[in-house]
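# Fold and contact review
The chain contents come next:
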Amino acid sequence: MDAVEISHVTKTFASVTAVDDLSLTVPQGSIYGFIGPNGSGKTTTLRMIVNIFYPDRGEIRLFGDRRPETGRDFIGYLPEERGLYRKMTVQALLEFYGELRSGRGVEAEVASWLERLELAGRASDKIETLSKGMSQKVQFIAALIPEPKLLILDEPFSGLDPVSADAIRSAILDLRRRGVTVILSTHDMAVAETLCDYILMIFRGRKVLDGTLASIQDRYGEDTIRVTAPGGLSGVEHLPGVERVRDLGQVQELRLTRGADPQEVLRALVTQAPVTGFSLVRPSLHDIFLRIAGPAAEEANHASA
Amino acid sequence: MRVHKVLTIARRDYIATVRTKAFLFGLVVAPILFGGGSIAMSLIKTKPDLKDRHIAILDRTGLVGGALAAAARDKNERDLFDRKTHRQIAPRYVFEAIAPASDPKDQLLALSDRVRRNQLAAFLEIGKDALRPSNPIEASEETDPDTRVSYYTNAGGIDELRNWLNGPINDGVRLARLRQLGIDIDRNRALLAPVPIEGLSLLERDERTGQVREARKRNELEGFFVPFSVAIILAMIVMVGSAPMLQNVTQDKSQHIVETLLGAASPFELMTGKVLGSAGVSVTSSLLYVIAGVLAVNALGVAGLLPLGIVPWFYVYLLTDVIMLCAFAAALGACCATPQDAQNLAIVLLTPCIVPMFMLVTVLRQPNGGLATAMSLIPPFTPILMLLRQAMPGGVPAWQPWVGLAGALVFAAATVWAASRIFRVAILMQGKPPRLAEIVRWAVKG
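Everything numeric in this text was worked out from a predicted model, so none of it was measured.

Thresholds applied
- Residues numbered from 1 in each chain as written.
- Chains lettered and ligands numbered in written order.
- Predicted model: local features only at pLDDT ≥ 70, side-chain atom pairs only at ≥ 80, totals over all residues.
- Heavy atoms only, no water.
- 1 Å grid on protein atoms, 1.4 Å probe; cavity = no way out; pocket = protein on both sides within 12 Å on 5 of 7 lines; lining within 4 Å.
- Points joined across faces, edges and corners; volume = space filled by probe spheres on them.
- Helix = DSSP H or I, 4+ residues; strand = E, 2+ residues; numbered from the N terminus.
- Nonpolar A, V, L, I, M, F, W, Y, C, P; charged D, E, K, R; others polar.
- Buried < 20%, exposed > 50% of the residue type's maximum accessible area, 1.4 Å probe, protein only.
- Lys, Arg positive; Asp, Glu negative; His and termini not counted.
- Salt bridge = Lys/Arg side-chain N within 4 Å of Asp/Glu carboxyl O.
- Polar contact = N/O pair within 3.5 Å; in protein donor to acceptor, adjacent residues only side chain to side chain.
- Pairing = 2+ DSSP bridges.
- Axes fitted to C-alpha atoms, helices over the stretch in contact; angles between N-to-C directions.
- Patch = residues over 30% accessible without salt bridge, like charges linked within 9 Å, V, L, I, M, F, W, Y side chains within 5 Å.
- Areas by Shrake-Rupley, 256 points an atom, 1.4 Å probe, with all protein chains shown as cover.
- Domains from an automatic or database assignment.

So, on to empty space enclosed by the protein. Left-over empty space is what a probe sized like a water molecule reveals as it rolls over the atoms. Enumeration over the complete set of coordinates arrives at two cavities of 30 Å³ or more. By volume, the largest cavity amounts to about 60 Å³. Ile75(A), Tyr77(A), Tyr97(A), Arg101(A), Ala142(A), Ala143(A), Thr260(B), Gly263(B) and Ala264(B) are the residues that line the largest cavity. Contributions of two or more residues to the lining of the largest cavity are made by β5 (75–78), α3 (90–102) and α5 (132–144) of chain A. Of the residues assigned to the lining of the largest cavity, the class counts are six nonpolar, two polar and one charged.

In structure tokens form, the structure reads like this:
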């Protein structure tokens, strides 16, 4: 049984279609990453899974169940817009959220998670005294108590320092090992590539990518040459067979046109600039994202419209 | 709806509210305002201002002023001192006869200035034709100044002097008229002696014993103070209990707390929990208000006048009104983008309390009149106005509280239902507040 089945779901706000005929299946125990530009429909989709928004059309099943109200009891939800009762203590706040979902005392779980995320010493402090990063960790814990079957995290790493981000990444992986299904949205392509089993890209409310990283990259093939040119490629003139050059600083990526010969591109390149490294790779998720939603794609869309 | 979620939210909101400084401050201030205010009134009543009251009399008949001065002397002898303690308990009334001057306006202005300088408490002008008997019906209309007695003062509020003067002036005028007719009234003063009128309650039959219960003495407190206080206390508790809900919801929304809550509870559970939390706060504060009220009536020595039979009604109306207004507040709060928006809407929210406040005097005058009855059966106004009418000595027909309550409960249920639909849609909306037409559409269509 899949954790989440979304079938032909559409959600409209006034004249704007936020999610358009979206279908998706999230296998149990997986980490599913939602990517897409701002306003593409990620948060709306997550809110529909949590049952905060109701779809105008289509159906959402959680663990095979169509009754949306029951979902809240086994879903842990971290919204994008963080908000906590500022006058409550960390301990009281986490116990409140835990009891709200489970209807039982959750003191032991609260203590355990506070210990794990190095907040045990702040348990009796008021939320208003915490730093932003600490508040984020408290809100993350609030989504985990009691341990959910389905964890939905909207931008869980935004605003976190590397140490806190690593602690949360580790917690997510640990939960996955215990069978928890995780759906997260992120703007960080590296997070999606390295953390997620499956990736969904939504663009203008529609699904444009869905699958494992490998399967997505397979659709594009090995059409990218990654070179190391110490002086950069700023002086390089026209290269035959190259559609676009992307300078990443220490390395540069050249996207090939369909059917172009990488060897010919290399020969043309070395005549114009010193090259110390050269490899033929599949496009990164970042590159794929830009091909779909970047300015060039926008221009192409406008031109074809 | 899961009850444990509702109760968890209600408990958090209740604890968060009762721990605020504003609530604790109100807790201390409310009994002081109600109980202390009543005690202060009682003390003021027993410790009046004992300064002499000088009253000038401009008697254009030349026949009435003397009777007034004599009446004042009688009153001073009779009421000035407590007979047991011999302490002065009332101000002395001192009359000063003023001869009419050639320019009446200048003279009246000069006397007015003396009042303004606190040299006089008031002055009387007895018209030169005041002794001419007039038709009582015409007398109540605007009359010729020469035929009336004019009382000039700048005293505000309750003017005991004017209340007292009414008797002596009319006695004086009647005496003068009788003397003009040649009747020797001085030898038969008792003819003009007033007959005391005592206010009594209605007789009733004891349902258990079948015996007729004697009528008991009634005073103005029973007919005015008690019902007025009961209605005001209810209105204040309802307002104090429901107004913070508007801020509470708007704050949860603007601080993005609400989305986390909606991840764990449905909008209806969330709203119901918040409403119950507010109802709990209202009941808590009501207990203190009621205690303060009991202390107040004890201090006034009128504890026996408390209509204890309306206490259950008080709490039923309180909960109905608080639930109705809190649900309304939750819906309005959900539609607001900022706490400032909520402040602007507070007056709309409190309409079901404010309108009955304007009706209090009308209802107190004619508790069973058509307007009072009709207004008290309009559901949003039922709790305060029906309770006011029930607290009055005459009570109301037995069916009216039940019909009123049924209407109020149905209206409260409809408010909760519509509010939950508005709340669900509006609570996550950001930016410009919705238009009224949109809010109505959400309430009707969800």
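So that's the structure; there's more coming.
A few words now on the side chain of Arg389(B). Residue and element names in this part refer to chain B. Within the secondary structure, Arg389 is located in helix α14 (residues 382–391). No salt bridge is formed by the buried Arg389; the nearest opposite charge belongs to Asp321, separated by 15 Å. Polar contacts involving the side chain of Arg389 include one to the side chain of Thr373, which spans 3.4 Å. Here the side chain of Arg389 touches Gln400 through a polar contact of 2.8 Å, side chain to side chain.

So, about the sheet that holds strand β8 (residues 198–203) of chain A. All names here are of chain A. One open sheet holds the six strands; their spatial order is β5-β6-β7-β3-β8-β9, and the pairing between them is mixed. Two strands lie at the open edges of the sheet, namely β5 and β9 (206–211), each paired on one side alone. For this sheet, the mean angle separating the axes of adjacent strands, direction not counted, is 15°. Of the pairings in the sheet, the one linking strand β3 (residues 31–35) to strand β7 (residues 181–185) comprises four bridges and is parallel in character.

This paragraph deals with a nonpolar patch on the surface. All names here are of chain B. Together, Val3, Leu7 and Leu276 make up a nonpolar patch on the protein surface, roughly 260 Å² of accessible area in all. Looking at the secondary structure, you find Leu7 in helix α1 (residues 3–18). Residue class for Leu7 comes out partly exposed when judged on its relative accessible area of 47%.

As a further point, take the domain arrangement of chain B. As far as domains go, chain B holds domain 1 (3–35 + 217–445) and domain 2 (51–192). Domain 1 of chain B and domain 2 of chain B are separated by 50 Å when their C-alpha centres are compared.

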